[in-house]
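So you can see what is in the structure, the chains are spelled out below.
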Amino acid sequence: MLHAIAASAGVLLLFAVAGTALVAVIRQATAERIAENERQALLAGIHALVPPAAIDNDPFSDTVQVTAPEAFGSAGPVTVYRARKGGREVAAVFTVVAPDGYSGAIRLLVGVHADGRLAGARVVAHKETPGLGDKIEAQKSDWILGFGNRTLQDPGPAGWAVKKDGGVFDQFTGATITPRAVVAAVHRALVYFNDHREALFLVAQREESKDG
């Protein structure tokens, strides 16, 4: 009797160990796949702002971490991807958070050309209302494309707002909070770039000298 109980317990233990190991393997494989999918989505976003033909470096291996909560909406460091061609600066792409979306934080990529013109902006993740706030997605409308080639002077300080607030950017019918948050986040990133452009690219040069 005791032998049978012990055997049953051993079998159950074996199944438990095997089940735990299987779950761990599946979780690891899933995590790797999710991470790779996120990497590919991020790369696609960067390439949408800075076409591969315009650069000859790998932005993923040419990055710098910057901590500026007032500019990027994140208390921790954010990643800046540097794009260059022939050793010359082409653009910087920032990972930005608009913390004041209607349904929470909106994650963005904001690209700025070396001369201070916006390469554009793309939404990476959000929880805005389908059919209303989700028009910030390039797949849902062309609204987000309106940032391309804008500068701090175009449209000027007062113009960097939605039309309801006296600016030049359209708001969505029934959803003003979402575009307002995105406009403000893009503007903050552009201001930061213009205030720190030289320092951002000098960091890249110092890192290269160390590698060399």
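Above this text you will find the structure in question.
Residues numbered from 1 in each chain as written. Predicted model: local features only at pLDDT ≥ 70, side-chain atom pairs only at ≥ 80, totals over all residues. Heavy atoms only, no water.

(A) Highlighting the overall build of the protein. Counting secondary structure elements, the protein contains 3 helices and 5 strands. Listing every helix and strand of the protein by position from the N terminus yields α-β-α-β-β-β-β-α. Across the 212 residues in the protein, those meeting the buried criterion constitute 36%. Considering only contacts within the protein whose residues lie at least 6 apart along the sequence, 47% involve residues at least 24 apart. Of the roughly 11,800 Å² of accessible surface on the protein, a fraction of 58% belongs to carbon and sulfur atoms. (Helix = DSSP H or I, 4+ residues; strand = E, 2+ residues; numbered from the N terminus. Buried < 20%, exposed > 50% of the residue type's maximum accessible area, 1.4 Å probe, protein only. Contact = heavy atoms within 4.5 Å. Areas by Shrake-Rupley, 256 points an atom, 1.4 Å probe, with all protein chains shown as cover.)

(B) Structural detail: the sheet that holds strand 1 (residues 63-66). What the 5 strands build is an open sheet, ordered 1-2-3-4-5; its pairing is antiparallel. Of all strands in the sheet, those with a lone pairing partner are strand 1 and strand 5 (118-125), marking the two edges. For this sheet, the mean inter-axis angle between neighbouring strands, taken without regard to orientation, is 25°. In this structure, strand 1 lies alongside strand 2 (residues 78-85), joined through 4 bridges in antiparallel fashion. Paired with Val64 across the bridge in strand 2 is Val80. (Pairing = 2+ DSSP bridges. Axes fitted to C-alpha atoms, helices over the stretch in contact; angles between N-to-C directions.)

(C) Summary view of the side chain of Thr176. Examined against the element boundaries, Thr176 turns out to sit in the loop between strand 5 and helix 3 (177-211). By relative accessible area, which is 15% here, Thr176 ends up buried. Each residue touching Thr176, except ones within four places of it in the same chain, is listed here: Val162, Lys164 and Gln171.

(D) Looking closely at the packing of aromatic side chains. Counted by the stated rule, this structure contains 11 aromatic pairs. Aromatic side chains Phe60 and Tyr81 sit 5.5 Å apart centroid to centroid with 75° between the ring planes, which places their arrangement in the edge-to-face category. Taken together, the residues Phe60 in the loop between helix 1 (2-49) and strand 1 and Tyr81 in strand 2 connect sequence positions 21 residues apart. Pairwise contacts between aromatic rings join Phe72, Phe94, Tyr192, Phe193 and Phe201 into one cluster. (Phe/Tyr/Trp six-rings, centres within 6.5 Å; stacked < 30°, edge-to-face > 60°.)

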